[in-house]
Amino acid sequence: MKKLNIAQGVITFLILSLWLGVAVGTVSLVTMKEGRYYEIGEPHLRVQSDELQKSLGETLANSIPESFKIRVDTMKLSQPIDGGLKVLLLSIVYLSVGYLTYVLFVFKSIINDVRRSNSFNRDNIQRVKLLGLLIVIAPFVNWLVAKAMVWWLEYNYLFDGVKVVSDSSFDFTVFLMGLIIMVLGVAFEQGRKIREENELTI
């Protein structure tokens, strides 16, 4: 029981920390002067032009030993801050943190019922299934967020010789973990029904 109380406390602390970070980040971003540059870690630029690749290789040739060859495939991107970028970044942050907060809230509710020795009530079983569904959806949400950044950059800016790409891929591990939790929820539900039928029979 003590471990469950600790787990609930940790989840509450995580939720508060997340939103505190969001509040600080929001103030920092909103007050940031337009024209300053924001380094985008993901997505990045991939060099597609052979001519540009050759030019970059020649420029950087003096930085490496003569016996080596250099090839620049990807480059980080720093973008000037403007109103559109601020709205996009804040939208992504609030969507992501809101989603994670909801997942943690559902998990905390499950722990609360387990702590009260009421693990297999109908509401808690539905929460287990919902938690599994939320985790299954998470890789899709992550992929969509990454693609949204790519689409936004390509729509608003013209790139020549390079392509905006994202290395964010579908996380099958998280997807399978969510499926397992959903299956457990269904199993708990069936177990509850069997127990209720046995009680009626008796």
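Scroll up to find the structure.
About the thresholds
Residues numbered from 1 in each chain as written. Predicted model: local features only at pLDDT ≥ 70, side-chain atom pairs only at ≥ 80, totals over all residues. Heavy atoms only, no water. Phe/Tyr/Trp six-rings, centres within 6.5 Å; stacked < 30°, edge-to-face > 60°. Helix = DSSP H or I, 4+ residues; strand = E, 2+ residues; numbered from the N terminus. Buried < 20%, exposed > 50% of the residue type's maximum accessible area, 1.4 Å probe, protein only. Pairing = 2+ DSSP bridges. Axes fitted to C-alpha atoms, helices over the stretch in contact; angles between N-to-C directions. Contact = heavy atoms within 4.5 Å. Parallel < 35°, antiparallel > 145°, perpendicular 65-115°, else oblique. Nonpolar A, V, L, I, M, F, W, Y, C, P; charged D, E, K, R; others polar. Polar contact = N/O pair within 3.5 Å; in protein donor to acceptor, adjacent residues only side chain to side chain.

### Quick notes on the packing of aromatic side chains
Part 1: Here the structure, examined in full by the defined rule, presents five aromatic pairs.
Part 2: Between tryptophan 19 and tyrosine 94, the aromatic rings sit 6.0 Å apart at their centres with planes inclined by 50°, giving tilted as the arrangement. One end of the pair, tryptophan 19, is in helix α1 (residues 2-30); the other, tyrosine 94, is in helix α3 (residues 83-115), and 75 residues separate them in sequence.
Part 3: Of the residues examined, tyrosine 94 reaches a relative accessible area of 36% and is grouped as partly exposed.
Part 4: Ring plane angle 80° and centroid distance 6.2 Å describe the contact between phenylalanine 140 and phenylalanine 175, whose orientation is recorded as edge-to-face. Remark: phenylalanine 175 occurs in helix α5 (residues 172-201) and phenylalanine 140 occurs in helix α4 (residues 122-156); sequence separation between them is 35 residues.

### Remarks on the sheet that holds strand β1 (residues 37-47)
Two strands in a sheet stick together by hydrogen bonds in their backbones, pointing the same way (parallel) or opposite ways (antiparallel).
Part 1: Here we have three strands laid out as an open sheet, ordered β2-β1-β3, and antiparallel in their pairing. Pairing within the sheet leaves two strands with one partner each, and these edge strands are β2 (74-80) and β3 (162-165). Averaged over all pairs of adjacent strands, the angle between strand axes in this sheet comes to 50°, irrespective of strand direction.
Part 2: With four bridges joining them, β1 and β3 adopt antiparallel strand pairing. Residue pairing in the sheet places histidine 44 in a bridge with valine 165 of β3.
Part 3: Packing against the sheet, α4 makes contact with β1, β2 and β3, and its axis sits at approximately 90° to β1.

### Brief notes about the packing of α1 against α3
Part 1: Closest axis-to-axis distance for the α1/α3 pair is 10 Å, and the angle between their directions is 170°. Between α1 and α3, the angle is such that the two are roughly antiparallel.
Part 2: Here the residues of the contact of α1 with α3 sort into 21 nonpolar, seven polar and three charged.

### Some points on the side chain of lysine 86
Part 1: One can find lysine 86 in helix α3.
Part 2: Judged by its relative accessible area of 12%, lysine 86 falls in the buried class.
Part 3: A polar contact is formed between the side chain of lysine 86 and the backbone oxygen of methionine 32, at a distance of 2.8 Å.
Part 4: In this view, lysine 86 contacts Leu29, Val30, Met32, Glu34 and Ile81; residues no more than four positions away in its chain are not counted.

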